[in-house]
Amino acid sequence: MDGREAAGADSRVCCLLLLAGFRSLIDRLHDELARQGHPEVRPAYGFALQAIGLPGSTAGEIGRRLGVSKQAAGKTVDRLIALGYAERADDPGDARRKLVRLTPHGLDALARSAAIFGELRSGWAELLGPDRVRELEASLRAVVPPEAFRLDASSWLGS
């Protein structure tokens, strides 16, 4: 194997390890969310809850944040409403628009997710050491441009 082939293999391994790390965090998060009373939350729903946000959003705004059509966002919103995580409400600023807002159940899922992510990060810090985790975070911030961090769940998760 020449130098270019070795570099290519190293790049693939690095990318696969980053994806596997992400996947292991998401899987552990959802296992714990299920134990804490949210067994129906799926990764795509978590992204959608984030896209709705605390003040609420229209289906079009949610679609743009997720990188999907308004119709696809609407289907996800319908599912979140059916599960009790979101609700539709009149927009106080524009009577022609409907807002999607998080319910207390949806807010609970987001709060629990944040706490669980904190616990998972602490687990990594325990395993790797806090300095290495901070260094890893700083390194990822250096290579990931701020505009690259979008919710865009469809392209991240292949759905």
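Residues numbered from 1 in each chain as written. Predicted model: local features only at pLDDT ≥ 70, side-chain atom pairs only at ≥ 80, totals over all residues. Heavy atoms only, no water.

A. Layout of the overall build of the protein. Scanning the protein from terminus to terminus reveals 7 helices and 2 strands. Each helix (α) and strand (β) of the protein, taken in turn from the N terminus, gives the series α-α-α-α-β-β-α-α-α. Of all 159 residues assigned to the protein, the portion counted as buried reaches 31%. Accessible area for the protein stands at about 10,300 Å²; split by element, carbon and sulfur atoms hold 58% of it. (Helix = DSSP H or I, 4+ residues; strand = E, 2+ residues; numbered from the N terminus. Buried < 20%, exposed > 50% of the residue type's maximum accessible area, 1.4 Å probe, protein only. Areas by Shrake-Rupley, 256 points an atom, 1.4 Å probe, with all protein chains shown as cover.)

B. Region of interest: the pairing of strand β2 (residues 94-102). In this structure, strand β1 (residues 86-91) lies alongside β2, joined through 6 bridges in antiparallel fashion. Residue pairing across strands places A86 opposite L102, the latter belonging to β2. Hairpin remark: β1 followed by β2, antiparallel, with 2 residues in the connecting loop. (Pairing = 2+ DSSP bridges.)

C. Structural context of the confidence of the model for the protein. Considering every residue of the protein, the mean pLDDT works out to 87; 87% of them sit at 70 or more. Element-level pLDDT for the protein is lowest in helix α7 (residues 153-157), with a mean of 40, against a maximum mean of 95 in helix α5 (residues 104-128). This stretch, residues 152-159, has a pLDDT under 50; its non-local contacts, to residues over four places away or in other chains, come to 20 contacts. (pLDDT = per-residue confidence, 0-100. Contact = heavy atoms within 4.5 Å.)

D. Spatial organisation of the environment of I116. Checked against the element boundaries, I116 lands in helix α5. For the pair I116 and H30, spaced 86 residues apart in sequence, the C-alpha to C-alpha distance is 9.3 Å.

E. Fine view of a nonpolar patch on the surface. A surface patch of nonpolar side chains, amounting to about 390 Å² of accessible area, comprises L18, L136, L140, V143 and V144. Sorting elements by how many residues they give to the nonpolar patch places helix α6 (residues 130-143) first, with 3 residues. Note on placement: V144 falls in the loop between α6 and α7. (Patch = residues over 30% accessible without salt bridge, like charges linked within 9 Å, V, L, I, M, F, W, Y side chains within 5 Å. Salt bridge = Lys/Arg side-chain N within 4 Å of Asp/Glu carboxyl O.)

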